[in-house]
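Residue-level listing of the chains:
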Amino acid sequence: MELKKGLPTRDAYGEAIVELGLANPNIYVVDCDIGKSCKTVEFIKQLPDQHINVGIAEQNGCGVAAGLATCGKIPFVTTYAVFGSMRMLEQIRQEVCYPNLNVKIACSHGGFTPANDGASHQGIEDLGLLRTIPNMTVIAPADFASTKKLVKAAAEYYGPVYLRFTRDAVPFIYEADETFEIGKAKMLYDGKDITLISNGDVLSLCVRAREELEKLGYSVRLLDMHTIKPIDREAIESAIADTRGIVTVEDHTILNGLGSAVSDIVAEVGGCRVRRIGIQDQFGESAPYERLLAKNGITLEGIVKAVKELVG
Amino acid sequence: MSDSSNENRKISFLTEKARELRTTILTMIHTAQSGHPGGSLSAADIMAVLYFDELKIDPANPGWEDRDRFVLSKGHVCPVLYSCLALRGYFPYETIHTLRKEGSILQGHPDMKRCPGVDISTGSLGQGLSTAVGMAIAGKRDGRDYRVFCLVGDGESQEGQIWEAVQTAVKYQLDNLVIFVDNNRLQNDNTCDIVMPTGDLAKKFEAFGCETSRINGHSITEIVKALDSIRGKKVQKPFCIVANTVKGQGVSFMENVVAWHGMAPNDAQFAQALAEIEGGR
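Below or above, wherever it landed, is the structure these notes cover. (Residues numbered from 1 in each chain as written. Chains lettered and ligands numbered in written order. Predicted model: local features only at pLDDT ≥ 70, side-chain atom pairs only at ≥ 80, totals over all residues. Heavy atoms only, no water.)

1. A word on the sheet that holds strand E12 (residues 227-229) of chain A
Residues and elements named next belong to chain A. Strand order in the open sheet formed by seven strands is E3-E2-E4-E5-E7-E6-E12, and the pairing between neighbours is mixed. Edge positions in the open sheet fall to strand E3 (51-53) and E12, since each of these has one partner strand only. Direction aside, neighbouring strands of the sheet carry axes that sit 20° apart on average. Both strand E6 (residues 137-139) and strand E7 (residues 161-164) contribute to a ladder of three bridges, which runs parallel. If you follow Thr137 over to E7, its bridge partner there is Val161. (Pairing = 2+ DSSP bridges. Helix = DSSP H or I, 4+ residues; strand = E, 2+ residues; numbered from the N terminus. Axes fitted to C-alpha atoms, helices over the stretch in contact; angles between N-to-C directions.)

Here it is, written out as structure tokens:
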């Protein structure tokens, strides 16, 4: 697959939320003063009556969204992944997940994508934190087209959803007419030696790694596990049955993220080994995105090495 | 019949309801042997006026879209809310004996998914007011004329999120929001002054931009008057009523005693408490 230069997935969110808001007056955006960065500017312009800006007060923003949801609104609380997953984590638990309200948490700046912003703005624990809360659905789309589709799927689905977007451009992987279902992994390639499971901004890295591995004679299955909760158990069981090992690749701490979610299933089913490639339980820093990934072994070479170690 | 005798009848009716609330609160906490009597009793008079006079609600239709909303931001005093709902007929009165029991609609803190009449689940302090703001914004945007009432504790106002919510209510000119502060001056560990002084809360809410008044939260007359004076008023700002109250009000040995924040009476204490409340008839 020839990967084309892409766009940030936050841009896709910005487009999708306007389309959703125009079609449904109950779609609301609750901004926390970073609407410009999170691409809600067009929404504000076109749909001011469906927009609220609570200022730099994320915890309150989450509560306001919960109140709106009890009145039939479908609010998207929009902020950065660090704040959307941690600053308002307890509010999400108490006022959104416990009462199972129809609130979406839409976050830009996932993982290392805000690379030069430094560790304070790199949300590397978000997916794991959110995945532990009952009733929450957790989604990390990989590119522009899939983000647009999954934001719309989240709006159509009733219940709390956490969505993670990238600050920086990621390559286009999917065509605009590709379909996506929450909780259903996309198989980009089938193979019989090894399964690569990834999501978000590093899926494109796996597309390249797969090509490299095929050149080396490996038959590689590649899954886009855009929804890490509910995880697609069936896709993992098939990977265990059909291939000889699983390598997970994520722009997230290896603790409790995609690798852990996959391992949860593998530990129960058995018959397969897993290698988790991801952030090695350490903070990032201000540095180029590729450097931050490299420092954690999230590279083409790292993936090839893991596959060789796993299946010989 | 004259207006003043109507008014007198209303006051005695609401006074009697407040008494029934206190009896119900103590009965459910005594049965459960767990719960928060102090703050439930301090809020009983305010809640009696809201649930038996002010709120536009329909117990037969708890999800009515145009109903007034009530948010118990200080969720741990749910015995007073459950007592209101029981006495208004949202569920059979006998249900009060299931407080805090497995499978009960009367969870230790309010659960909107289980209990009819609970407009939002609360329990983690500082969060309810934000949800009330969301409901009030929705009401304004949808052109509905319902109002949202929220009861906040004075200790609870130590949470920063309360002030985030007030800012938002002021920004969006929510004159369909009424914030009651149950200013009983005690909290879990000690008096508010010792744990974390809250200062003059009326001045604070006023300074944030609320239309604020100060009342005796145990005077049914003052509560009714305060609500009369704001009903239908379009001032483009939220209302705040700081109600000075006594924690444990109505039961001599509970009044102003920190320990009764979260303790259940034993049989003898329960008997004495009921006698005092009934004796006040």
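2. Quick notes on the nonpolar core
Counting residues in each nonpolar core, the largest one holds 134 residues, and the members touching the most others are Ile236(A), Met47(B), Leu50(B), Tyr51(B), Phe70(B), Phe180(B) and Phe205(B). In this structure, this core is formed jointly by two domains, domain 1 (8-172) and domain 2 (186-311) of chain A, each of which donates at least three residues. Once residues lying within four places of it in the same chain are set aside, the contact partners of Met47(B) are Leu21(B), Phe52(B), Phe70(B), Val80(B), Leu81(B), Cys84(B) and Leu151(B). With 60 residues, the next largest nonpolar core counts Leu163(A), Phe180(A), Cys206(A) and Val247(A) among its residues. (Core = buried A, V, L, I, M, F, W, Y, C linked by side-chain atoms within 4.5 Å. Buried < 20%, exposed > 50% of the residue type's maximum accessible area, 1.4 Å probe, protein only. Domains from an automatic or database assignment. Contact = heavy atoms within 4.5 Å.)

3. Observations regarding the state of the cysteines
Per the stated rule, a full pass over the model turns up zero disulfides over all chains. Left unpaired, Cys206(A) is separated from the closest cysteine sulfur, that of Cys272(A), by 16 Å. The exposure class assigned to Cys206(A) is buried, which follows from its relative accessible area of 0%. Of all cysteine sulfurs in the structure, the one in Cys240(B) sits closest to Cys150(B), which takes part in no disulfide; the separation is 10 Å. Given a relative accessible area of 0%, Cys150(B) falls into the buried group. (Disulfide = S-S within 2.5 Å.)

4. Observations regarding empty space enclosed by the protein
Residues and elements named next belong to chain B. Across all of its chains, the model carries three cavities of 30 Å³ or more by this definition. Split into classes, the residues belonging to the lining of the largest cavity amount to six nonpolar, one polar and three charged. What the second largest cavity holds in volume is close to 40 Å³. Taken together, Tyr51, Phe70, Val71, Leu72, Leu81, Pro110, Gly117, Val118, Asp119, Ile120 and Thr122 form the lining of the second largest cavity. (1 Å grid on protein atoms, 1.4 Å probe; cavity = no way out; pocket = protein on both sides within 12 Å on 5 of 7 lines; lining within 4 Å. Points joined across faces, edges and corners; volume = space filled by probe spheres on them. Nonpolar A, V, L, I, M, F, W, Y, C, P; charged D, E, K, R; others polar.)

5. Description of the interface of chain A and chain B
On the chain B side, the residues contacting the 28 residues of chain A number 27 residues. With both chains or domains summed, chain A and chain B bury close to 2,100 Å², and 51% of this area falls on carbon and sulfur atoms. The largest share of the area that chain A buries against chain B comes from Asn60(A), Glu95(A) and Tyr98(A), three residues that together contribute 26% of it. Inspection of the region where chain A meets chain B yields one salt bridge. In this structure, Asp142(B) and Lys73(A) form a salt bridge, with 2.6 Å as the shortest nitrogen-oxygen distance. On inspection of chain A and its partner chain B, the count reaches 14 residue pairs in polar contact (both at pLDDT 80 or more). Listed by contribution, the elements that provide at least two residues to the side of chain A that touches chain B are E3, helix H4 (58-70) and helix H6 (89-97) of chain A. Residue contributions to the side of chain A that touches chain B peak at eight residues, all from H4(A). Its residues assigned to classes, the side of chain A that touches chain B comprises 13 nonpolar, 11 polar and four charged. (Buried area = accessible area lost by both parts, 1.4 Å probe. Salt bridge = Lys/Arg side-chain N within 4 Å of Asp/Glu carboxyl O. Polar contact = N/O pair within 3.5 Å; in protein donor to acceptor, adjacent residues only side chain to side chain.)

6. Digging into the pairing of strand E5 (residues 104-108) of chain A
Residue and element names in this part refer to chain A. For E5, a buried count of five out of five residues is recorded, marking the element as mostly surrounded by other parts of the structure. Alternating residues of E5 divide into Lys104, Ala106 and Ser108 and Ile105 and Cys107, and every residue in both groups is buried. Of the strand pairs in this sheet, strand E4 (residues 74-80) and E5 are connected by five bridges, and their pairing is parallel. Residue pairing in the sheet places Thr78 in a bridge with Ala106 of E5. Bridging between E5 and E7 involves four bridges; their strand directions are parallel. By the bridge assignment, Ala106 is partnered in E7 with Leu163.

7. A word on the side chain of Asp143(A)
All names here are of chain A. Mapped onto the elements, Asp143 comes out in the loop between E6 and helix H8 (144-156). Exposure remark for Asp143: the relative accessible area of 0% places this residue in the buried category. Engagement of the side chain of Asp143 in a polar contact is seen with the side chain of Ser146, the distance being 2.6 Å. Beyond its immediate chain neighbours, meaning those up to four positions away, Asp143 contacts Thr9, Val170, Pro171, Phe172, Ile173 and Tyr174.

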